[in-house]
Amino acid sequence: MSASSPDSGGAPAVQVDVRLVKAGAKKIRYPASLVADDGTHVVVRAPWAAEGVRDFGFVRFEPGDVFTEHYWRDRWYAVKEVRTGDGVLKGWYCDVTRPAVVRGRGPGELRYELVVEDLDLDLWASADGGTVLRLDEDEFDESGLAERDPVAADAARRALDELELLVRDGAFTALLGRPLPS
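Read on for a plain summary of the structure. It should be emphasised that the depicted structure is a prediction, and the values quoted were computed from it without experimental measurement.

1. Focus on the overall build of the chain
(1) Moving on: Within the chain, the secondary structure is distributed over 4 helices and 11 strands.
(2) Moving on: Counting only residues that meet the buried cut, the chain has 41% of its 182 residues in that class.
(3) Moving on: Look at the contacts in the chain between residues 6 or more apart in sequence, and 47% of them connect residues 24 or more apart.
(4) Moving on: Accessible surface for the chain amounts to roughly 9500 Å². Of this, 51% is attributable to carbon and sulfur atoms.

2. Observations regarding the pairing of strand S1 (residues 15–22)
Successive residues of a regular strand alternate their side chains across the two faces of the sheet.
(1) Moving on: Most of S1 is tucked away, with 6 of its 8 residues classed as buried.
(2) Moving on: Sheet topology places S1 next to strand S2 (residues 25–37); 8 bridges connect them, and they run antiparallel. If you follow valine 16 over to S2, its bridge partner there is alanine 32.
(3) Moving on: Of the strand pairs in this sheet, S1 and strand S10 (residues 111–126) are connected by 7 bridges, and their pairing is parallel. Bridge pairing in S10 places valine 21 opposite glutamate 117.

3. Section: the layout of surface pockets
(1) Moving on: The computed volume of the largest pocket comes to approximately 550 Å³.
(2) Moving on: Taken together, 26 residues line the largest pocket, and the ones lying closest to its centre are Lys27, Arg54, Phe56, Tyr93 and Asp95.

4. Considering the packing of aromatic side chains
(1) Moving on: Here the structure, examined in full by the defined rule, presents 12 aromatic pairs.
(2) Moving on: Within the aromatic cluster, the residues linked to one another by ring pairs are Trp48, Phe56, Phe58, Phe61, Phe67, Tyr93 and Trp124.

5. Re the nonpolar core
(1) Moving on: Within the largest apolar cluster, 24 residues are counted, with the highest numbers of intra-cluster contacts made by Tyr77, Val79, Val96, Leu163, Phe172 and Leu175.
(2) Moving on: Those elements that place two or more of their residues in this core are strand S7 (77–83), strand S8 (89–97), S10, helix H3 (150–168) and helix H4 (172–175).
(3) Moving on: With 8 residues, H3 is the single largest residue contributor to this core.
(4) Moving on: Leucine 163 has contacts with Tyr77, Val79, Cys94, Val96, Leu123, Phe172 and Leu175, leaving out every residue within four places of it along the chain.
(5) Moving on: Listed in part, the 16 residues of the second largest apolar core include Tyr30, Val44, Tyr71 and Ala78.

6. Points about the pattern of salt bridges
(1) Moving on: On inspection of all chains with the given rule, the structure shows 21 salt bridges.
(2) Moving on: A salt bridge links aspartate 17 to arginine 111, with the shortest nitrogen-to-oxygen separation between them at 2.9 Å. Taken together, the residues span a long stretch of sequence, with aspartate 17 in strand S1 and arginine 111 in strand S10 at a distance of 94 residues.
(3) Moving on: By relative accessible area, aspartate 17 is classed as buried at 14%.
(4) Moving on: Between aspartate 161 and arginine 134 there is a salt bridge, with the nearest N and O atoms lying 3.0 Å from each other. Taken as a pair, aspartate 161 in helix H3 and arginine 134 in strand S11 (residues 132–135) lie far apart in primary sequence, 27 residues in all.
(5) Moving on: Within the structure, one salt-bridge network assembled from shared partners comprises Asp55, Arg60, Glu62, Asp65 and Lys90.

The rules we used
- Residues numbered from 1 in each chain as written.
- Predicted model: local features only at pLDDT ≥ 70, side-chain atom pairs only at ≥ 80, totals over all residues.
- Heavy atoms only, no water.
- Helix = DSSP H or I, 4+ residues; strand = E, 2+ residues; numbered from the N terminus.
- Buried < 20%, exposed > 50% of the residue type's maximum accessible area, 1.4 Å probe, protein only.
- Contact = heavy atoms within 4.5 Å.
- Areas by Shrake-Rupley, 256 points an atom, 1.4 Å probe, with all protein chains shown as cover.
- Pairing = 2+ DSSP bridges.
- 1 Å grid on protein atoms, 1.4 Å probe; cavity = no way out; pocket = protein on both sides within 12 Å on 5 of 7 lines; lining within 4 Å.
- Points joined across faces, edges and corners; volume = space filled by probe spheres on them.
- Phe/Tyr/Trp six-rings, centres within 6.5 Å; stacked < 30°, edge-to-face > 60°.
- Core = buried A, V, L, I, M, F, W, Y, C linked by side-chain atoms within 4.5 Å.
- Salt bridge = Lys/Arg side-chain N within 4 Å of Asp/Glu carboxyl O.

Quick look at the structure:
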């Protein structure tokens, strides 16, 4: 028996296997439910996929947290809205990535794969907008991407700058499109 999504009018929910890779190796893989896919912008929802708590100091990801994740086939980043299990917004964790690749998506498919390559750079924006942090710039510099693929390294740096500007200018939530159901 297939699960139905609440917005689908009883149609079976589409499941997406999200696969994050780093330097060609699998970083993490987890199941998510498709919220929307307009051909460019893919939105999925998933519970916190790692075991236990991950405390970054500025935010804690923990069992029960729900991530609404935005991926683009034409942008060099992904945005993950993070909420507690009871719906309280913690903020947005943004990964600088190569554009998302969707595999196995065809008419009537109820399961497919979304692959995203992590390029080390990240941005955190708290729910109240008071904290905006650029993360992992040292890891990015040490990754060797600038030497191996200078075009991708430049695109990654520009993506991080764009995300920070969107947050600081108050245009960030418009990037995510229409308000999504909680």
